Amino acid sequence: MLLKQLYDLSQRPDIKAKLPIEGYNLVPVKWLVHIDLEGNFIRFQELGDREKRMVPDCKRSSGIKPKLLADKGDYVFGYAEADAPADKVAERHRQFKALVQQCAEVTQNPNVLAVARFLAKWNPAIDNAKLVEQKIEPSQVLTFCVNHLNHPDFDTVIPADAQAGDAQAGLSTVQSFWSSQLTGEDSDSDQRAVMTCLVLGNDPRPVEERLPISIKGIPNGQTSGTALVSANAAPFTSYGLKNSLTSPICREAGEGFGKALNYLLATEDSRFILNNDVAYVFWTQHTTRFRAATYKNDQPSKIRNVLVKAIKGEKRLARLQANRFYAAALTASGARVVVRDWIDTTLHNAIVNLVNWFDAQDLVDSFGEIDDQRRYLSIYRLSRCLYRDPSKEDIARITTRLMHVAIAGGTLTHEMLVQLVKRNRAEREVTRDRAALIKLILTTQLKTPEENPMADMHCLNPDPQFKNPLDRAAYHCGRLLAQLEQVQSQALGRDVNATLIDRFYGAASATPGKVLGKLVEDAQPHLARIRKDRRGTYEALQQKLEDILCNISPESGLFPNSLNSQQQSIFALGYYHQRAQNRKDAKDGATTRKQAQTESDDTFETNPE
């Protein structure tokens, strides 16, 4: 379960040391209010715009809920905008003062006592003029800095700051007080619903109506954060329970998995953003040095090399099998988190599946070459090749499915294959990205690895081992169409208004029996024309045509009447392979002729007579 694993992550010692302490969070504090131990005002100090401090924090919705020692102007000083309700502002300030006073009485901390004395003296009607004079905005967060004049160890103490250092001895009692306020160990505990926490187990305990931590860092989410569990409208309620009570979770669990998820989203090694839309977070059950997510953007070749190294060696293999690997795909919908995918497997399985993923999409480029730098395609490129204009499509669903199969294994849907066939027919073109995705989908749909005819089809395969004769015929029909295109190009050149592909790709891929026979017949005048001027080229083209035709139906000599969507995708793969091979042959031939010409020129210069 996602929430339980996130909570367990928050309890892992190496992670727990990096998370905020209970009830505290990094908050942008704009102003320090300097006072002395007697509670006398000294001065205001403005801090930097990006300066954050670890201060008491809690999630507020519609009610009045003060935060201990650090809050906005209306709570700390009763200082608000002119149009703010005066009675609510006064109540917020009163409750803030009461909370500080209670903390001072419970902890007897001299710094908190100084703040309580200061607040007791503060008269908002008169003293708030000092805030206006300093141009302090009501929405800015303020906290207090107590000046210890002539103290042997320290000069100032910020009682709200949990990261201020050892010099601020005694502040642990303040932190314990704030924690007890939040966890229900105070007098308010009887007001909370007591239910079984879904994360921590069966013992009934007070549960939160609203989870304490907002999730930040998900693309397109609210800047103030998004909720992982919430039900704000009647259709989402269950048995009369609303808000987070529909999924009862105690504060300890809610704070644990919330802070762990925020940590993952803020750490480069444990997250990446796909298509500026989907946020992926990764972690393992136990500490590991494996960091595949570090290689982000378009670096699939580098990632694969790292993965192959990771699964080598039996000792390492045992550790990988014992360590579980978790991943979650998150998007935002307004103020809420959408969990699009959840993966729970072993680290070993995740790495093996990723290596298989890359091998399944291995394909030559459009010139029949292997480019190690761009040999494998990223999820981003694979998902975009399905659409004419990806910016207008909801491709998060596709990218999430692709990523799930890459990590956890499984089958890519036939829906993608149909979409690819449609794009090929609409554009009358089979791009490398679409051919690679076709090969990938067909490989994942195999029931057993032993029956994989795609394993040796990263380039042209004259004899593919398809079990279904129609699949084999489809592959060679695609090859035939590419070869007929080559004949037309050699006979007429490239300046043709509508090529054979422009006119017949769609029909040839869906109903080859109605088209290809006529196209072969029409190619004969082109071959005759080539034979007159270029005998060698004619013989090479004719030989390739005969080889392909023999593979299609050597017994009856007939083409398939129709092909289904899967066979049309195989047709596209055969077309892509043959076209790439033709380009490679042309390139190799030109290189050979150039070398022969160079050797001839060198011989003539050496022996001019």
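This text goes with the structure placed above it.
Residues numbered from 1 in each chain as written. Predicted model: local features only at pLDDT ≥ 70, side-chain atom pairs only at ≥ 80, totals over all residues. Heavy atoms only, no water.

Draft legend 1. How the structure looks around the packing of helix α19 (residues 512–533) against helix α20 (residues 535–552). In contact at an axis separation of 6 Å, α19 and α20 are set at 145 degrees when each is read in the N-to-C sense. Along the contact surface, α19 presents Leu527, Ile530, Arg531 and Asp533, while α20 presents Arg535, Thr537, Tyr538, Leu541, Gln542 and Leu545. Its residues placed into classes, the contact of α19 with α20 shows five nonpolar, two polar and three charged. (Axes fitted to C-alpha atoms, helices over the stretch in contact; angles between N-to-C directions. Helix = DSSP H or I, 4+ residues; strand = E, 2+ residues; numbered from the N terminus. Contact = heavy atoms within 4.5 Å. Nonpolar A, V, L, I, M, F, W, Y, C, P; charged D, E, K, R; others polar.)

Draft legend 2. Representation of the pattern of salt bridges in the model. Overall, the coordinates contain 25 salt bridges when judged by the stated rule. Taking the shortest distance from any N to any O, the salt bridge between Arg579 and Glu485 comes out at 3.1 Å. Within this pair, whereas Arg579 is found in helix α21 (residues 565–606), its partner Glu485 is found in helix α17 (residues 469–492), the two being separated by 94 residues in sequence. Glu485 shares its class with Arg579; the two are buried. A network of salt bridges, in which partner residues are shared, links Glu208, Arg251, Glu255 and Lys259. (Salt bridge = Lys/Arg side-chain N within 4 Å of Asp/Glu carboxyl O. Buried < 20%, exposed > 50% of the residue type's maximum accessible area, 1.4 Å probe, protein only.)

Draft legend 3. The arrangement of helix α4 (residues 86–107) in detail. For α4, spanning 22 residues, the distance from its first C-alpha to its last is 32 Å, which sits close to the expected 32 Å at 1.5 Å a residue. Taken as a whole, α4 has its buried residues at Val89, His93, Phe96, Leu99, Val100, Cys103, Ala104 and Thr107. Along the long axis of α4, the arc covered by the buried residues comes to 135 degrees, so they all point the same way. The exposed set on the far side of α4, more than 90 degrees from its buried face, consists of Ala86, Asp87, Glu105 and Val106. (Expected span 1.5 Å × (residues − 1). Arc of directions from axis to C-beta.)

Draft legend 4. Quick look at the pairing of strand β4 (residues 52–56). Across the five residues that make up β4, a large majority, four, are buried. Relative to β4, strand β1 (residues 24–28) is paired through five bridges, and the arrangement is antiparallel. When the sheet's bridge partners are listed, Leu26 is paired in β4 with Met54. (Pairing = 2+ DSSP bridges.)

Draft legend 5. Summary view of the pairing of strand β2 (residues 31–36). With six of six residues buried, β2 is to be regarded as a mostly interior element. Burial along β2 is two-sided: the face carrying Trp31, Val33 and Ile35 and the face carrying Leu32, His34 and Asp36 are both buried. As paired elements, β2 and strand β3 (residues 41–46) share five bridges and run antiparallel to each other. Considered in β3, the bridge of His34 is made with Arg43. Relative to strand β6 (residues 141–147), β2 runs parallel, the two sharing six bridges.

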